[in-house]
Amino acid sequence: DVKVTQSSRYLVKRTGEKVFLECVQDMDHENMFWYRQDPGLGLRLIYFSYDVKMKEKGDIPEGYSVSREKKERFSLILESASTNQTSMYLCASSLYLAGALNNEQFFGPGTRLTVL
Amino acid sequence: AQSVTQLDSHVSVSEGTPVLLRCNYSSSYSPSLFWYVQHPNKGLQLLLKYTSAATLVKGINGFEAEFKKSETSFHLTKPSAHMSDAAEYFCVVIPGGGATNKLIFGTGTLLAVQP
């Protein structure tokens with residue numbers, strides 16, 4: 001079974017702090033994704049990566065950056081956390097990009113981040 | 001623009017009765033469509049997917065969905081609800097046409113199952 005793990009289930013930070021959210025997958029997937037999930041808005045894509053050191057902006061990249069130094073690890077960085085970044089953050093991975101037929105994304109359990 | 005609309009934000013059924021969660025999409029191409037389920041404090045799990053093969057798709061836990069191009073719909077059904085089906089369900093579309101590699105998520109339907 002594919003396993004996607006996230007470093008923390010719950011995180012509380014203060015405004016202005018630098019925040020790192022880590023995600024690791026164990027199935028040698030090429031592609032990794034970061035979403036945030038907010039009530040009534042569904043999931044929105046922040047960034048994704050289709051290869052080591054490669055990244056592309058999603059729908060809401062402002063205030064975030066990412067890092068992918070190794071294939072199995074994809075980090076989301078909040079350079080200076082703000083209260084409007086309080087949310088549930090979900091990491092996902094897939095073997096193929098969405099344009100291919102077999103394009104299921106496997107999700108981690110999520111990190112609930114609160115910024116005070 | 002490509003989009004997906006889940007018509008109900010909350011659905012409540014009694015245990016043993018049928019479940020219907022509605023989803024409509026818009027796409028200029030031949031889309032791929034998915035239903036994901038999210039149980040409380042868990043990540044999303046794939047229930048089923050449509051990728052231009054059979055229009056009636058069977059998934060896990062007794063769920064199925066039918067792709068109806070004429071109605072641009074992909075409603076999720078189950079003949080008999082179980083208490084363990086209580087969760088949030090997301091309809092997801094990949095618009096197709098090769099121009100995008102992003103999933104577009106609906107806003108979710110929260111299913112409550114009453115004893």
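Residues numbered from 1 in each chain as written. Chains lettered and ligands numbered in written order. Predicted model: local features only at pLDDT ≥ 70, side-chain atom pairs only at ≥ 80, totals over all residues. Heavy atoms only, no water.

### Describing the overall build of chain B
Thought 1: From N to C terminus, chain B includes zero helices and twelve strands.
Thought 2: Listed N to C, the secondary structure of chain B is β-β-β-β-β-β-β-β-β-β-β-β in terms of helices and strands.
Thought 3: Taking 13 Å as the expected radius of gyration for a compact globule of 115 residues, we find that chain B reaches 14 Å, a close match to that expectation.
Thought 4: Along the first, second and third principal axes, the C-alpha atoms of chain B reach 45 × 30 × 20 Å.
Thought 5: Buried residues in chain B amount to 44% of all 115 residues.
Thought 6: Within chain B, counting contacts between residues at least 6 apart in sequence, those at least 24 apart form 57% of the total. (Helix = DSSP H or I, 4+ residues; strand = E, 2+ residues; numbered from the N terminus. Rg over C-alpha atoms; globule rule 2.2 N^0.38 Å. Buried < 20%, exposed > 50% of the residue type's maximum accessible area, 1.4 Å probe, protein only. Contact = heavy atoms within 4.5 Å.)

### Here we look at the packing of aromatic side chains
Residues and elements named next belong to chain B.
Thought 1: Taken as a whole, this structure holds 13 aromatic pairs over all chains when the rule is applied.
Thought 2: Measuring from centroid to centroid gives 6.5 Å for Tyr36 and Phe105, while their planes differ by 40°, and the two rings are tilted. Taken together, the positions of Tyr36 in strand β5 (residues 32–38) and Phe105 in strand β11 (residues 104–105) put the pair 69 residues apart, joining distant regions of the chain. One exposure class covers both Tyr36 and Phe105, and it is buried.
Thought 3: Ring geometry for Phe63 versus Tyr89: centroids 5.5 Å apart, planes at 45°, classification tilted. Taken together, the residues span a long stretch of sequence, with Phe63 in the loop between β7 (56–58) and β8 (64–68) and Tyr89 in strand β10 (residues 87–94) at a distance of 26 residues. (Phe/Tyr/Trp six-rings, centres within 6.5 Å; stacked < 30°, edge-to-face > 60°.)

### Quick word on the interface of chain A and chain B
Thought 1: Listed by partner, the interface residues are 24 residues for chain A and 20 residues for chain B.
Thought 2: Taken over both partners, the interface formed by chain A and chain B buries close to 1800 Å², and the fraction arising from carbon and sulfur atoms is 55%.
Thought 3: Between the two partners, chain A and chain B, sit zero salt bridges.
Thought 4: Viewed at the interface, chain B and chain A are joined by two residue pairs in polar contact (both at pLDDT 80 or more).
Thought 5: Looking at which element gives the most residues to the side of chain A that touches chain B, the answer is strand β5 (residues 42–51) of chain A, with four residues.
Thought 6: A per-class count over the side of chain A that touches chain B returns 13 nonpolar, eight polar and three charged. (Buried area = accessible area lost by both parts, 1.4 Å probe. Salt bridge = Lys/Arg side-chain N within 4 Å of Asp/Glu carboxyl O. Polar contact = N/O pair within 3.5 Å; in protein donor to acceptor, adjacent residues only side chain to side chain. Nonpolar A, V, L, I, M, F, W, Y, C, P; charged D, E, K, R; others polar.)

### Points about unusual backbone geometry
Thought 1: A positive phi angle, near 60°, is found at Asp28(A), a position not held by glycine.
Thought 2: Among the structural elements, Asp28(A) can be located in the loop between β3 (19–25) and β4 (31–38).
Thought 3: Judged by its relative accessible area of 52%, Asp28(A) is exposed.
Thought 4: One non-glycine residue with positive phi stands out, namely Asn61(B), at about 60°.

### What to know about the sheet that holds strand β7 (residues 65–70) of chain A
Residue and element names in this part refer to chain A.
Thought 1: Strands sit in the order β1-β3-β8-β7 across an open sheet of four strands; the sheet is antiparallel. With partners counted over all chains shown, the strands left at the sheet margins are β1 (4–6) and β7, one partner each. Across this sheet, the average inter-strand angle for adjacent strands is 20°, counted without regard to direction.
Thought 2: Across three bridges, the pairing between β1 and β3 is antiparallel. Bridged to Thr5 within β3 is Val24. (Pairing = 2+ DSSP bridges. Axes fitted to C-alpha atoms, helices over the stretch in contact; angles between N-to-C directions.)

### Observations concerning the pairing of β3(A)
All names here are of chain A.
Thought 1: The alternating pattern of β3 places Val19, Leu21, Cys23 and Gln25 on a buried face and Phe20, Glu22 and Val24 on a face that is not buried.
Thought 2: The pairing of β3 with strand β8 (residues 73–78) spans six bridges and is classified as antiparallel. Note on β8: the bridge partner recorded for Glu22 is Ser75.

### Some remarks on the confidence of the model for chain B
Thought 1: In this model, chain B carries a mean pLDDT of 89, and residues with pLDDT of at least 70 account for 94%.
Thought 2: Within chain B, the lowest mean pLDDT, 88, falls on β11(B), and the highest, 98, falls on strand β3 (residues 19–21) of chain B. (pLDDT = per-residue confidence, 0-100.)

### Concerning the pattern of salt bridges
Thought 1: Enumeration over the complete set of coordinates arrives at ten salt bridges over all chains.
Thought 2: One salt bridge connects Lys71(A) with Asp28(A), and the closest N-O pair in it is separated by 3.1 Å. You can see Lys71(A) sitting in the loop between β7 and β8 and its partner Asp28(A) sitting in the loop between β3 and β4, a full 43 residues away along the chain.
Thought 3: In this structure, the salt-bridge partner of Lys58(B) is Glu64(B), at a minimum N-O distance of 2.8 Å.
Thought 4: The exposure class of Lys58(B) is exposed, given its relative accessible area of 61%.
Thought 5: Where salt bridges share partners, they join Asp28(A), Glu30(A) and Lys71(A) into one cluster.

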